[in-house]
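Per-entry structural report
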Amino acid sequence: MTRRGLAAGAAAGVLLLAGCGQSRPAEPTAHASASGVAVTATLLPGEGGRLRVTFAPEEPGFHLYSVDLPAQGIDGLGIPTVLAVRGGLAATGRPTADRATLLLRPAGLTTELPVYPDGPVTFTVPVRRTGSHQGEVVVSYGACSASRCLLPVSNEVLRLDLD
């Protein structure tokens, strides 16, 4: 191989490592962290839009409440996990979780609350783009452990650049 060939190959390798020449852009992603839970929203590529939203408690032993919990909780207990989209996105179905709920009975009570197991839970929501250049994912949630609950979060907005 000539010097010119070696130089051209090295230059191409540098450009490839620098990210030039990638065939597809990164998926639109947004992050937020509030009240002990990190939230990541990613618009997935492919036919039929899908949004993936992960809620990850930042301390071990914490769980989130089910999306199926009534808005006022059960007997006034619990904060439902809520996912909504607006702006450049419209939901075309309900969110589905990667983990099944279980029933939790707080100590000393007879009420059972649907919660996800301790740790992160990821939801997938079918969506479609509506033409705007920015989509918004609006989340509300509450995280609790066996002994304490963190302050609930209402209407936290994560912005996705759709261009």
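Structure: above.
This one's a predicted model, so the numbers in the text were calculated from it and none came from an experiment. (Residues numbered from 1 in each chain as written. Predicted model: local features only at pLDDT ≥ 70, side-chain atom pairs only at ≥ 80, totals over all residues. Heavy atoms only, no water.)

1. Comments concerning the overall build of the protein
Helix and strand counts for the protein stand at one helix and 13 strands. Start at the N end of the protein and walk to the C end: the helices and strands fall as α-β-β-β-β-β-β-β-β-β-β-β-β-β. The buried share of the protein, taken over its 163 residues, is 35%. Summarising the internal contacts of the protein: among those between residues at least 6 apart in sequence, 63% fall at separations of at least 24. (Helix = DSSP H or I, 4+ residues; strand = E, 2+ residues; numbered from the N terminus. Buried < 20%, exposed > 50% of the residue type's maximum accessible area, 1.4 Å probe, protein only. Contact = heavy atoms within 4.5 Å.)

2. Points about the side chain of Ser66
Inspection of the secondary structure assignment puts Ser66 in the loop between strand S4 (63-64) and strand S5 (82-87). In this view, Ser66 contacts Pro80, Thr81, Thr101, Pro114, Val115 and Tyr116; residues no more than four positions away in its chain are not counted.

3. With respect to the environment of Pro120
Along the chain, Pro120 turns up in the loop between strand S9 (113-115) and strand S10 (121-129). What makes Pro120 partly exposed here is its relative accessible area of 46%. Residue contacts for Pro120: discarding those within four places in its chain leaves Thr54, Phe55, Ala56, Pro57 and Arg99.

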